[in-house]
Amino acid sequence: MRAPGKSFSAADLGLVPGLPPEEMRQVYRRLVRRFHPDLGGPADFLAQINAAYDAIRRDRPFALPAVAARPLRRRPVATCRLGRDLQKSMAETALLALDDWLAVRHGLPRSPLLRQMACRSGLFSPVERPGLLLPCGVTLWSEALVLHHDGAIRAGPNILILPGLRAGDGGRPEPNGNLSAILRSVPRPSRVIELPVEDARRYGLDLRFDDRALPVRLRFAGRGENAGAALCDATAKRYRGLFRQAIAPEF
């Protein structure tokens, strides 16, 4: 082992300026292992190695490995929870809209008893049930008002229930007690449907941000079946024999 004098250059130790950072680190670690005092190296040699290494780093700081920056998670301006009473009202409105759809589209009476008689007599064959979609929450963003649904919107006819909303304290959306049912047919399953400002105003969803009228986005999480199956099962006698087995939509 060569003992260093009072002065030495970084080149004497192999710590040459201009080496790639990773190679410089490897040279430094190798010298530390070789000349450490615990392994028999001169007492002051490790301090000189550290000083030379630090001097090179000050002249050319080593860049840290590049790390992809995580995008900032945006947060809505405000949120609105739809309470249990409102959920119950939306379910009742959805069933009334389904009765109207059966009457207008298939000529069935609104009376469950008469509908059962039509099925038993063979005058009516089961049809595919339209989707029934009830929102479970609302978020207000700077660019749109978003109504969230747990279920999926299927290809074909869908009955969408929209709660009327008004701006409450601090612009937070809150239900105004009105409900609308709209029929929307889509060619394929979708995650998002956007209603223009004019339609949003017509359905009582006239909310603004920075004095701008906002469009409405209906967002579907696709977690399982929409509300139609559960509602029809809960009122089995009302719709017994009217609908074929639904197929879960694929995105």
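Residues numbered from 1 in each chain as written. Predicted model: local features only at pLDDT ≥ 70, side-chain atom pairs only at ≥ 80, totals over all residues. Heavy atoms only, no water.

Visitor: Teacher, can you tell me more about the sheet that holds strand β11 (residues 216-220) here?
Guide: Sheet strands pair by backbone hydrogen bonding; their relative direction is either parallel or antiparallel. Reading across the sheet, the five strands line up as β1-β4-β5-β11-β8 and stay open at both edges, with mixed pairing between neighbours. The open sheet terminates on both sides in strands that have one partner only, identified here as β1 (78-81) and β8 (192-195). Recorded for the sheet is a direction-independent mean angle of 20 degrees between the axes of neighbouring strands. Sheet topology note: the β8/β11 ladder contains four bridges and is antiparallel. Bridge pairing in β11 places E194 opposite R217. (Pairing = 2+ DSSP bridges. Helix = DSSP H or I, 4+ residues; strand = E, 2+ residues; numbered from the N terminus. Axes fitted to C-alpha atoms, helices over the stretch in contact; angles between N-to-C directions.)

Visitor: Hey, could you run me through the environment of G137 in this one?
Guide: Residue position: G137 is located in strand β4 (residues 137-140). Between the alpha carbons of G137 and C80 there is a distance of 6.2 Å; along the sequence they are 57 residues apart.

Visitor: Any chance you could explain a nonpolar patch on the surface here in plain terms?
Guide: The grouping of L113, L114 and M117 at the surface amounts to a nonpolar patch, some 300 Å² of accessible area in total. Looking at M117, the relative accessible area reads 44%, which means it is partly exposed. (Patch = residues over 30% accessible without salt bridge, like charges linked within 9 Å, V, L, I, M, F, W, Y side chains within 5 Å. Areas by Shrake-Rupley, 256 points an atom, 1.4 Å probe, with all protein chains shown as cover. Salt bridge = Lys/Arg side-chain N within 4 Å of Asp/Glu carboxyl O. Buried < 20%, exposed > 50% of the residue type's maximum accessible area, 1.4 Å probe, protein only.)

Visitor: What exactly am I supposed to notice about the pattern of salt bridges here?
Guide: Pairing between side chains becomes possible if they bear opposite charge and their charged atoms approach one another. Within the structure shown, the criterion is met by nine salt bridges. The partner of E143 in a salt bridge is R217, with the nearest N and O atoms 4.0 Å apart. With a gap of 74 residues between them, E143 in the loop between β4 and β5 (145-149) and R217 in strand β11 connect regions that are remote in the sequence. Exposure remark for E143: the relative accessible area of 29% places this residue in the partly exposed category. Here R166 ties to E174 by a salt bridge, and the two come within 3.1 Å at their closest N and O atoms. Overlapping salt bridges, with partners in common, bring together D99, R115 and R238 in one network.

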